[in-house]
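Structural characterization, general
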There are 2 protein chains.
Amino acid sequence: MSLEEDIKQTRFTSEYQKLVLNVFYTANWLGLQHNQLMREYGLTGPQFNILRILRGQKGKPMSVNALIERMLDKSSNASRLVDKLEEKRYVLRKVCPNDRRQVEVTITQGGLDILSKLDKPVTDLEENIKGINIEEAQLMNALLEKMRKSNNTQ
Amino acid sequence: MSLEEDIKQTRFTSEYQKLVLNVFYTANWLGLQHNQLMREYGLTGPQFNILRILRGQKGKPMSVNALIERMLDKSSNASRLVDKLEEKRYVLRKVCPNDRRQVEVTITQGGLDILSKLDKPVTDLEENIKGINIEEAQLMNALLEKMRKSNNTQ
DNA sequence: CTACATTAAATGTATCTACATACATTTGCC
DNA sequence: GGCAAATGTATGTAGATACATTTAATGTAG
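Residues numbered from 1 in each chain as written. Chains lettered and ligands numbered in written order. Predicted model: local features only at pLDDT ≥ 70, side-chain atom pairs only at ≥ 80, totals over all residues. Heavy atoms only, no water.

Turning to the sheet that holds strand S1 (residues 62–63) of chain A, a few remarks are in order. All names here are of chain A. Spatially, S1-S3-S2 is the arrangement adopted by the 3 strands of the open sheet, whose pairing is antiparallel. Where the open sheet ends on each side, the last strands, each with one partner, are S1 and strand S2 (91–95). With 5 bridges connecting them, S2 and strand S3 (residues 103–107) associate as antiparallel partners. By the bridge assignment, valine 91 is partnered in S3 with isoleucine 107. Contacts from helix H3 (residues 45–56) reach S1, S2 and S3 within the one sheet, and its direction differs from that of S3 by about 90°. (Pairing = 2+ DSSP bridges. Helix = DSSP H or I, 4+ residues; strand = E, 2+ residues; numbered from the N terminus. Contact = heavy atoms within 4.5 Å. Axes fitted to C-alpha atoms, helices over the stretch in contact; angles between N-to-C directions.)

Shown next as structure tokens:
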């Protein structure tokens, strides 16, 4: 983990600059662990994310647009992610009868099955962040949200 | 910013799960702003990152391997990033005479110039996180580092 | 010195990201 | 109804990510 030392060594012009790097680096560190896990189950991170959102719908279909709104990466291409999941028979696509522009995406039983297999290892991974305790996690959550709210991102 | 509300609404199984999502989301939010800025200068985030690392070398060349070690995204492809930067004449590649497997990468004056143009806007962007103060930023930095240190990532 | 392992970088491949564009459908206005 | 604007999705493209494999140079054991 050499950027770990790098972050320490570097003379940062400000605490904010360090924070930006730290957030990038931590997300990357978490992402690698997630990807590695997903990979074992033939999924990718973004694909897993979509399946999890769909499961949250409890059977109700969701339009692609609604999916995009809930995705972590909004600019990523939901259409093509749904393509991949459809190939694997984890989701179904159906043209919405009320508005034929829309496509209703639903998770299949196969999709639910793979998710349930992933639940335990994913939770383990997340709970594995044991260097910080619950109070610290709460504090970080509050600070991360405060951080995003603050500025004038048009 | 609909995931913002999503994060709030969702019943998280744990504070840790929320933290993971929050870190992903914040990194993404920061990354979009960075990318937008880099784009105006014909660079991408990773390319900028490499240039900044090379500038830190103060003229000393660096092998591709050394670059990878210092990159935020280690698994990204340093060779090809250096390709792009070489095309733009921002770096030079030279086979190392002592070990001809290695390639010495150096930043050019053009590379230094584009970086100096970017310094101000990048700093502005980072300093723009004004919803949290310096003490909070320090706290977050400490917690993020603690978070990464804690667990048994093999 | 040959044989084999190791190392450094490049290349290959699949997927994802970011953004532009195309196309069909729907909506709103006249 | 007819037409322009908006909407929803798909497609195109360039570049990045993640990981496996290849190529070339070096190191090392026998």
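Turning our attention to the pattern of salt bridges. All names here are of chain A. Applying the stated rule across the entire model yields 15 salt bridges over all chains. A salt bridge links aspartate 83 to arginine 93; the nearest nitrogen and oxygen atoms lie 2.1 Å apart. Of this pair, aspartate 83 sits in helix H5 (residues 78–87) while arginine 93 sits in strand S2; the two residues are 10 residues apart in sequence, bridging distant segments of the chain. Through salt bridges that share partners, Asp83, Glu86 and Arg93 make up one connected network. (Salt bridge = Lys/Arg side-chain N within 4 Å of Asp/Glu carboxyl O.)

Residue and element names in this part refer to chain B. Locating threonine 108 in the fold gives a position in the loop between strand S3 (103–107) and helix H6 (109–127). Using a relative accessible area of 16% as the deciding quantity, one classes threonine 108 as buried. Of note is the side chain of threonine 108, whose polar atom sits 2.7 Å from the backbone oxygen of arginine 89. What threonine 108 contacts, discounting residues up to four positions off in sequence, is Arg89, Tyr90, Val91 and Leu92. (Buried < 20%, exposed > 50% of the residue type's maximum accessible area, 1.4 Å probe, protein only. Polar contact = N/O pair within 3.5 Å; in protein donor to acceptor, adjacent residues only side chain to side chain.)

Before going further, it helps to examine the packing of helix H7 (residues 134–149) of chain A against helix H2 (residues 15–40) of chain B. The contact between H7(A) and H2(B) brings their axes to 9 Å, and the two run at 25°. On the basis of the axis angle, H7(A) is roughly parallel to H2(B). The way H7(A) lies across H2(B) gives a crossing that is left-handed. Taking contact as the criterion, the partners of A:Ile134, A:Ala137, A:Gln138, A:Met140, A:Asn141, A:Leu144, A:Glu145, A:Met147 and A:Arg148 in H7(A) are, on H2(B), B:Glu15, B:Tyr16, B:Lys18, B:Leu19, B:Asn22, B:Val23, B:Tyr25, B:Thr26, B:Trp29 and B:Leu30. Residues of the contact of H7(A) with H2(B), tallied by class, amount to 11 nonpolar, 4 polar and 4 charged. (Parallel < 35°, antiparallel > 145°, perpendicular 65-115°, else oblique. Left-handed = near helix turned anticlockwise from the far one by under 90°. Nonpolar A, V, L, I, M, F, W, Y, C, P; charged D, E, K, R; others polar.)

Now for the environment of A:Leu115. Residue and element names in this part refer to chain A. Note that leucine 115 resides in helix H6 (residues 109–127). In this structure, the C-alpha to C-alpha distance between leucine 115 and tyrosine 41, residues 74 residues apart in sequence, is 9.5 Å. Not counting residues up to four positions away in its chain, the partners in contact with leucine 115 are Phe48, Leu51, Arg52, Arg55 and Ile107.

All right, on to the layout of surface pockets then. Of the voids in this model, the largest pocket is the one considered here, and its volume is about 1200 Å³. In terms of lining, the largest pocket is formed by 42 residues, of which the most central are A:Ala27, A:Asn28, A:Asp73, B:Ala27 and B:Asp73. Elements with a minimum of two residues in the lining of the largest pocket: helix H2 (15–40) and H3 of chain A together with H2 and helix H3 (45–56) of chain B. Class assignment for the residues of the lining of the largest pocket results in 19 nonpolar, 17 polar and 6 charged. (1 Å grid on protein atoms, 1.4 Å probe; cavity = no way out; pocket = protein on both sides within 12 Å on 5 of 7 lines; lining within 4 Å. Points joined across faces, edges and corners; volume = space filled by probe spheres on them.)

On average, residues of chain A score 86 in pLDDT, and 87% of them are at 70 or above. Ranking the elements of chain A by mean pLDDT puts helix H1 (residues 2–9) of chain A last, at 51, and S3(A) first, at 94. (pLDDT = per-residue confidence, 0-100.)

With that out of the way, let us pick up the domain arrangement of chain A. All names here are of chain A. Taken domain by domain, chain A comprises domain 1 (1–40) and domain 2 (44–145). Opposite the 6 residues of domain 1 that make contact, domain 2 presents 9 residues. Contact between domain 1 and domain 2 buries roughly 700 Å² in total, counting both sides, with carbon and sulfur atoms accounting for 82%. The largest share of the area that domain 1 buries against domain 2 comes from His34, Leu37 and Met38, three residues that together contribute 68% of it. For the pair domain 1 and domain 2, the interface holds 0 salt bridges. Summed over the shared surface of domain 1 and domain 2, the result is 0 residue pairs in polar contact (both at pLDDT 80 or more). Residue composition of the side of domain 1 that touches domain 2, grouped by class: 3 nonpolar, 3 polar and no charged. (Domains from an automatic or database assignment. Buried area = accessible area lost by both parts, 1.4 Å probe.)

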